[in-house]
Amino acid sequence: MTENELILRARQGDGEAIRRLYERHASQVYTIIRRLAGDDALAEDWAQEAWVQAIRALPEFRGEAQFGTWLYRIAVNRALQGRRERERRAPRELPLPDIVPAGRDDRPLLRVRLERALARLPERMRQVLLLHDVEGYTHEEMGEMLGVAPGTCKSQLFKARAKMRQMLQSAQPTREGEQVCSI
Amino acid sequence: MQHITLETLARLMDEAPSAAETAHLAGCGGCRAELEALRAEREALRELPDLPAPASGWSGVEQRLRAEGLIRPGSVRARSDSSRWLRPALQVAAALALFVAGAGANELWRGAPGETGGALRAGGGAGSGSGARMVSNTPASLEEAAREVADHEAAYLEALTRYAELSGGGLQVDPLDRLAALEGIVLTTRAALDRSPADPVINGYHLAALSQREALLRQVTRRQAGPANVGTAESDDPWF
């Protein structure tokens, strides 16, 4: 059954069609929410809510974008909304110290190190890095989602990349402390 | 020579360099290498695999949708529990083959002596000659059963290590491949624990894989890098 057929049936309340849509996209939805949330329990709750929102809004899905793209946007918005709600209720936590094992730049180790470094990025930096470099949103789109100017997103993105690089580098004198090259 | 800062290099991933920046990059291999590393890290980030959704994810969604009347009664086919578990169970079984083989090989790829397999041996200090301690009677309590598991695991690792030594290192496993396999086990058992959080077998595998993964990471760090890069994450500056 094609995805369009599943969507059509899902709109009519066909639970089996909804379940199949869920199975197709569950990992991707959970992944972006989990990386934005930084917490397993929150991610599970927010992912569930994102799915419910999406199914509720299914009659409004016009097929101008891919279903996955549309769903993904709902998931991202839910995670960002969740973070804003948490920030209003509780002081922002300091990120964990950067203790990321250095090592040879090989793929399996790099993946582990990347996930850890990502989890340790300050939240704003993590959001822009994930949304731009991983998910491909433009600065304008991110600005709209995050409620800030695109230029602010851009500068945070550059800081985020530099911070990731710093965390992943092997022990060498940090470049961050050096003066701006006089060019 | 004063180098281009990391933040500026990060900007150059998206924007064209100025004339002066171009001239500097042309003459500075270090800055060019950093720029390439930044690009490689971005690519690696994009290629990170998806995380498995919690095993209980669909049931929670289904419940909410039913409560809101968004699912017609009777329109979801009942699925047997085994079908939900078959794939993760097979993944665990397959990954365990590499995990167990690598546990013995880890002893040969020496880091801190005695550090690896610590979790498996911690149950009863049965690090050597444990075969004589294996209990042949049925355990009468949970504690006895746990001790027996630990004893059997330690004996198995000893036997595996002896086998590896006699076979001339035939069980050698690339530590980075093993690390990737351990990551797979951790993710799979974590998903399994969502469904059965109190299952002692799944908990055991999960904790053992976590312990092995951490020990292996420490070994890789010591063997392949200089001093660990320890930095302090600063608080994120406010947007404004």
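Now for a look at the structure at hand. (Residues numbered from 1 in each chain as written. Chains lettered and ligands numbered in written order. Predicted model: local features only at pLDDT ≥ 70, side-chain atom pairs only at ≥ 80, totals over all residues. Heavy atoms only, no water.)

**Focus: the packing of helix α3 (residues 40–56) of chain A against helix α4 (residues 57–67) of chain B**
Put simply, α3(A) and α4(B) touch, their axes get as near as 9 Å, and they point 45° apart. Taken together, α3(A) and α4(B) sit at an angle that is classed as oblique. As for the relative orientation of α3(A) and α4(B), their crossing is right-handed in sense. On α4(B), the residues that touch A:Q48, A:E49, A:W51, A:V52, A:I55 and A:R56 of α3(A) are B:G60, B:V61, B:R64 and B:L65. Each residue belonging to the contact of α3(A) with α4(B) can be placed in one class, and the counts come to five nonpolar, two polar and three charged. (Axes fitted to C-alpha atoms, helices over the stretch in contact; angles between N-to-C directions. Helix = DSSP H or I, 4+ residues; strand = E, 2+ residues; numbered from the N terminus. Parallel < 35°, antiparallel > 145°, perpendicular 65-115°, else oblique. Left-handed = near helix turned anticlockwise from the far one by under 90°. Contact = heavy atoms within 4.5 Å. Nonpolar A, V, L, I, M, F, W, Y, C, P; charged D, E, K, R; others polar.)

**Observations regarding the packing of aromatic side chains**
All told, the structure shown has five aromatic pairs over all chains when counted by the stated rule. Look at A:Y22 and B:W58: their rings are 5.4 Å apart centre to centre, the planes differ by 50°, and that puts the pair in the tilted class. Of this pair, A:Y22 sits in helix α2 (residues 15–37) while B:W58 sits in helix α4, each in a different chain. Among the residues examined, A:Y22 registers a relative accessible area of 8% and is labelled buried. Both rings, one in A:F61 and one in A:F67, keep their centres 5.7 Å apart while their planes meet at 85°; by these two values the pair is edge-to-face. A relative accessible area of 7% places A:F61 in the buried class. Judged by its relative accessible area of 2%, A:F67 is buried. Cluster of aromatic residues (ring-pair linked, three or more members): A:Y22, A:W51 and B:W58. (Phe/Tyr/Trp six-rings, centres within 6.5 Å; stacked < 30°, edge-to-face > 60°. Buried < 20%, exposed > 50% of the residue type's maximum accessible area, 1.4 Å probe, protein only.)

**Here we look at the pattern of salt bridges**
In total, this model carries 22 salt bridges over all chains according to the counting rule given. With a shortest N-O distance of 4.0 Å, A:E85 and A:R78 are connected by a salt bridge. A relative accessible area of 21% places A:E85 in the partly exposed class. A salt bridge links A:K159 to B:E7, with the shortest nitrogen-to-oxygen separation between them at 3.8 Å. With one member in each of two chains, A:K159 in helix α8 (residues 150–168) and B:E7 in helix α1 (residues 6–12) form a pair that bridges those chains. Salt bridges sharing partners connect three or more residues here, namely A:D133, A:R161, B:D14 and B:R42. (Salt bridge = Lys/Arg side-chain N within 4 Å of Asp/Glu carboxyl O.)

**Some thoughts on the packing of helix α6 (residues 123–134) of chain A against α8(A)**
Residue and element names in this part refer to chain A. At their nearest, the axes of α6 and α8 sit 8 Å apart, and the two run at 100° to each other. With respect to α8, the axis of α6 lies roughly perpendicular. Residues R124, M125, V128, L129, H132 and D133 of α6 lie in contact with α8, whose contacting residues are C153, Q156, L157, K159, A160, R161, K163 and M164. Among the residues making up the contact of α6 with α8, the classes are represented as seven nonpolar, two polar and five charged.

**Concerning helix α7 (residues 139–146) of chain A**
Residues and elements named next belong to chain A. For α7, the full list of buried residues reads H139, M142, G143, M145 and L146. One side of α7 holds all its buried residues, which, seen down the axis, span an arc of 165°. More than 90 degrees from the buried face of α7, the exposed residues found are E140 and E144. Looking one or two residues past α7, G147 carries a phi angle of roughly 75°, positive in sign. (Arc of directions from axis to C-beta.)

Distances and angles like these do not, on their own, reveal function.
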